[in-house]
Amino acid sequence: MTAQTKKKEEAKRGKRATTTTNESKLLIVESPAKARTLNRYLDDSYVVKASVGHVRDLPKRELGVDVENRFEPQYVTIRGKGKVLTELKQAARTADQVLLGTDPDREGEAIAYHVADQLGFGTKNGQRFKRVLFEEITPEGVARGLASLGEIDLRKVDAQQARRVLDRLVGYKASPFLWKPIRPGLSAGRVQTVALRLIWEREEEIRRFQPLEYWTVEALLEKGDQRFTARLHHIEGSKPELPDEAAAAAVVGAVSDVPFQITRIRRRERRKNPAPPFTTSTLQQEAAKRLRFSAKRTMRIAQQLYEGVEAGGEAIGLITYMRTDSTRVASSAAGAAREFLERTFGARYVPRAARLYLGKQQKGAQEAHEAIRPTAVHRTPESLKGDLDPEQLNLYTLIWLRFVASQMSAAVFDTTTVDFDLRGSDGKGYLFRATGSVLKFDGFTRLYKEAQEEGEHRRLDDLDPLPALEEKEVVGLIEIGTTQHFTEPPARYSEASLVKELEKQGIGRPSTYAQILSTLLERKYVDLEKRRFVPTPLGETVVQVLIRVFPDTFSVDFTSNMEVTLDRIEEGEREWHEVVEDFYKVFSKRLEEGEARSEDIVREIVQAKDTVCERCGAPMVVRWNRYGRFLGCSNYPECRNTESIDKPPEVDLGGEKCPQCSGELIVKSGRYGPFVACSNYPDCRFTRAVDAKHSVVSADAKCPKCGSPMAVKTGRYGEFLACTSYPACKHTQPITLGLKCPKCGDGEIVKRRSKRGRVFFGCTRYPDCDWSTWDTPIAAACPACESAVALQKSSKRKGDYLKCPSCGHESGLESTETADATST
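Residues numbered from 1 in each chain as written. Predicted model: local features only at pLDDT ≥ 70, side-chain atom pairs only at ≥ 80, totals over all residues. Heavy atoms only, no water.

Undergrad: How should I be thinking about the state of the cysteines in this particular structure?
TA: Here, the word disulfide means a covalent bond between the sulfur atoms of two cysteines. Under the counting rule described, the total for this entry stands at 0 disulfides. Lacking any disulfide linkage, cysteine 613 is separated from the closest cysteine sulfur, that of cysteine 639, by 3.6 Å. Residue classification places cysteine 613 among the buried positions, given a relative accessible area of 3%. (Disulfide = S-S within 2.5 Å. Buried < 20%, exposed > 50% of the residue type's maximum accessible area, 1.4 Å probe, protein only.)

Set out below in structure tokens:
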């Protein structure tokens, strides 16, 4: 390669072949991946190092805040970061300039400050430390950042420091209130507890909800070959109230012989504008709905796309900074998108003016960043298929489509509302209304539509079109039907709706949402059922204790106002010591009051009603261990009596006898749930699962070691087969579906649980065979490759269908012979 060719290649990659100064520069970022990408763009005068996240923090096993000295934090070097700091110090000694290129947010500013502080920022050579912000990791973005060096924003550092000190004070002082009544080691987070409170209060609302019956009346009408529906809209000018079937039947009787003549038609053109590009919270919401990504997973992949991946032979950052609550778009980015759209779709799809989305931010939004967008529109998802893994490609596609669609023309709908104002045989007026919509111009919907969750309002494009109708026209009546309904409680929070609620209430900031949700799950304060948050008994007790002892600290309003106060620290309107002092005055009073009456509060919450210890007569209280909750005597440790809190279900065993000793079988409660055991225990240790479908073990289920019958048992990871000769024989094996693995053909498919408790299916030969799937396998013959296994799948567009795991062939459920292979 000639020198000229080499120079062109370096310029193409964004790497400067020469430098205008002989100064050596040390550029410090927090991520090794980010460092590798930046190394591609910079010449030899730059040395790029990574701090690998934070290097200093409050100590783990002590408060680390000097309450008597204006709450000064006592930072220590994080364990394992001593070597990193040594390397950074060595590199800084020979550098003429130290550039701090950590992420452009409060946390990144704090990392930059702590690194600089350890490298001599406070000395006479402190002027050589400069702050550089990279909104995107591209050659152009890096050049812009290096061309506008600044100073460390100490107000941002103060705001982050205030947050860290507040969180430590609350966690360190409030958590002990949970240890005695519940169990040691539990924690009370300042923001996570408020999120838990939202989930718990929604669950309480659902429990209190009393469903009410109501009925609706719809007329199925037709004109020509087209049918449409008109719903009863008003009775005598008021909203219809039909509490029972008789009331609905009375309406049907009154209008069944009345001709359905059109009394009014309203036609209007409605324009629907595209949604703005993603902020952090809207990206997490849409990824949860469309891709089923958790917030933590979304942010992890977005971080990879921001820091840089190999694409087209170069390392490049594919999206702008992903922690932002601004929808603002740079005019240059909007212009590039408009050129792409006009070239690809034509001028009709490009609005007259660029959409820059100024002034559309949420409460407290920061204007320092743009919205999340691709760094270059010409890098289409299609062009990156060979460079990104499936997760990265899916998320990049979502970000790319949303941004490009945000610069497109509005979709135009023609909506029609048709009224049938009828006079019933009972003399009352009944207004039936039909509504339809026709897409006149697809606009941005040609590229992108927002995903919807169950319970969200119908969109214009969900309405069916109506036939051509005219006023005073009489249409054909096919039938008038009635439908019974019941009012429904509010839906539990999904990840998407909880993030939306946190943002709406001003709780936390974009960078904290993922951590809040993952912490609640990891600490077992909530579970996910059908992708909705449900508080566990442990979580419910934790939140009740905390909000009783600290009603102000863990209120939604207080937490939201504290976020505003932290913003004011960043803006220079408040001093962080004063903010913490004001907080601690109220908080310390609550601590004193809580300590004085904590026993009464705890007893009221955890004491089991009408339950006394059978040994000493003292009240029983709810306790927790690592397996769940149980009843323990309040006189512990003098009395160590315990009882199961979850009574075993009433199961009719039909006089079934123990297969080992012919003793009577009874239902008991264990740490993993109810189970069937022999009444002759401990002489006979036979047990099996309660589930009726497992009550009789197949004659073929023999222990391969000793030949004894195998019984179904339940452990922490689900059900399994165990030898009935236990403890003499301790053989166990998984319960399979009776289907051969489609990958290796030797193993069988077995149901398993992930670390988070989610059910998936894998091969019994793991790790020799790594086949696995989230979809339910069933016995079904593939017409394309004759595979004996199919996966049950479902989507809004395709409905329920089967997919072959071997060749990918898809077919409808009704067209495939299936056998119930999942009954076990």
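Undergrad: What should I look at first to understand the pairing of strand β31 (residues 748-753) in this one?
TA: Residues in a regular strand point their side chains to alternate faces of the sheet. In terms of strand pairing, strand β30 (residues 736-740) meets β31 through 2 bridges, oriented antiparallel. Bridging from a neighbouring strand, lysine 740 pairs with glutamate 748 of β31. As paired elements, β31 and strand β32 (residues 759-763) share 5 bridges and run antiparallel to each other. Within β32, the residue paired with lysine 751 across the bridge is phenylalanine 761. (Pairing = 2+ DSSP bridges. Helix = DSSP H or I, 4+ residues; strand = E, 2+ residues; numbered from the N terminus.)

Undergrad: Mind showing me how you'd approach the packing of aromatic side chains here?
TA: The description of an aromatic ring pair rests on the distance of the ring centres and on the angle between the ring planes. This model, assessed by the stated rule, comprises 16 aromatic pairs. A ring pair is formed by phenylalanine 583 and phenylalanine 587, whose centres lie 5.2 Å apart and whose planes are at 20 degrees; its orientation type is stacked. Taken together, the positions of phenylalanine 583 and phenylalanine 587, both in helix α18 (residues 576-606) and 4 residues apart, correspond to about one turn of that helix. With a relative accessible area of 5%, phenylalanine 583 lands in the buried category. An aromatic cluster is present here, built from Phe71, Phe177, Phe550, Phe554, Phe558, Phe583, Tyr584 and Phe587 joined pairwise through their rings. (Phe/Tyr/Trp six-rings, centres within 6.5 Å; stacked < 30°, edge-to-face > 60°.)

Undergrad: Is there a simple way to explain the sheet that holds strand β7 (residues 97-100) in this structure?
TA: The strands that make up a sheet pair up through hydrogen bonds in the backbone, lying either parallel or antiparallel. The parallel open sheet is built from 4 strands, whose spatial order is β2-β1-β7-β8. Sheet topology places β2 (46-50) and β8 (129-131) at the edges, where each strand pairs with a single neighbour. Averaged over neighbouring strand pairs, the angle between their axes works out to 25 degrees when direction is ignored. For β7 and β8, the ladder comprises 3 bridges, and the chain directions are parallel. Paired with leucine 100 across the two strands is arginine 131, which belongs to β8. The sheet contacts of helix α3 (residues 82-93) involve β1 (25-29), β2 and β7, and relative to β1 the element is tilted by about 155 degrees. (Axes fitted to C-alpha atoms, helices over the stretch in contact; angles between N-to-C directions. Contact = heavy atoms within 4.5 Å.)

Undergrad: Can you help me understand the environment of leucine 502 in this one?
TA: For leucine 502, the location among the structural elements is in helix α14 (residues 495-505). Taking the relative accessible area as the measure of exposure, leucine 502 reaches 0% and is therefore buried. Separated by 311 residues in sequence, leucine 502 and valine 191 have C-alpha atoms that sit 10.0 Å apart.

Undergrad: Looking at this structure, how should I read helix α11 (residues 295-307)?
TA: Given 3.6 residues to a turn, an α-helix orients residues that are three or four positions apart in the same direction. With 13 residues, α11 should cover 18 Å at 1.5 Å per step; its first-to-last C-alpha distance of 18 Å lies within 8% of that length. Taken residue by residue, α11 has Ala295, Thr298, Met299, Ile301, Ala302, Gln303, Leu305, Tyr306 and Glu307 as its buried positions. Just downstream of α11 lies glycine 308, where phi reads positive at about 125 degrees. (Expected span 1.5 Å × (residues − 1).)

Undergrad: I would appreciate a short explanation of the pattern of salt bridges in the present structure.
TA: A side chain of one charge can pair with a side chain of the opposite charge if their charged atoms are brought near each other. Under the defined criterion, the tally for this structure stands at 41 salt bridges. Residues arginine 423 and glutamate 236 are paired through a salt bridge, measuring 3.4 Å at the closest nitrogen-oxygen approach. With arginine 423 in strand β15 (residues 411-423) and glutamate 236 in the loop between β10 (226-235) and α9 (245-255), this residue pair connects regions lying 187 residues apart in the sequence. For aspartate 567, the salt bridge is made with arginine 509, and the minimal N-O distance between the two is 2.6 Å. One end of the pair, aspartate 567, is in helix α17 (residues 556-570); the other, arginine 509, is in the loop between α14 and α15 (510-522), with 58 residues separating them in the sequence. Each member of the pair aspartate 567 and arginine 509 is classed as buried. (Salt bridge = Lys/Arg side-chain N within 4 Å of Asp/Glu carboxyl O.)

Undergrad: What exactly am I supposed to notice about the packing of helix α10 (residues 280-290) against helix α13 (residues 390-406) here?
TA: Between two packed helices, both the angle of their axes relative to each other and the distance between the axes serve to describe the pair. Taken N-terminus to C-terminus, the directions of α10 and α13 make an angle of 120 degrees; their axes are 11 Å apart at the nearest point. As judged from the angle between their axes, α10 and α13 are oblique. Where α10 crosses over α13, the handedness of that crossing is right-handed. Contacts between α10 and α13 involve Thr282, Leu283, Glu286, Ala287 and Arg290 from the first element and Leu395, Leu398, Ile399 and Arg402 from the second. Of the residues that constitute the contact of α10 with α13, the class distribution is 5 nonpolar, 1 polar and 3 charged. (Parallel < 35°, antiparallel > 145°, perpendicular 65-115°, else oblique. Left-handed = near helix turned anticlockwise from the far one by under 90°. Nonpolar A, V, L, I, M, F, W, Y, C, P; charged D, E, K, R; others polar.)

Undergrad: How should I be thinking about unusual backbone geometry in this particular structure?
TA: Leaving glycine aside, a negative phi is the common case for residues, and trans is the common case for peptide bonds. Residue proline 637 is reached from tyrosine 636 by a cis peptide bond, and omega for that bond is 10 degrees. The residue proline 637 is located in the loop between β22 (628-633) and β23 (642-643) in this model. For the bond from tyrosine 766 to proline 767, the omega torsion is 10 degrees, close enough to zero to count as cis. By secondary structure assignment, the location of proline 767 is in the loop between β32 and β33 (772-773). Although it is not a glycine, valine 52 adopts a positive phi angle of roughly 55 degrees. Here valine 52 lies in the loop between β2 and β3 (56-57).

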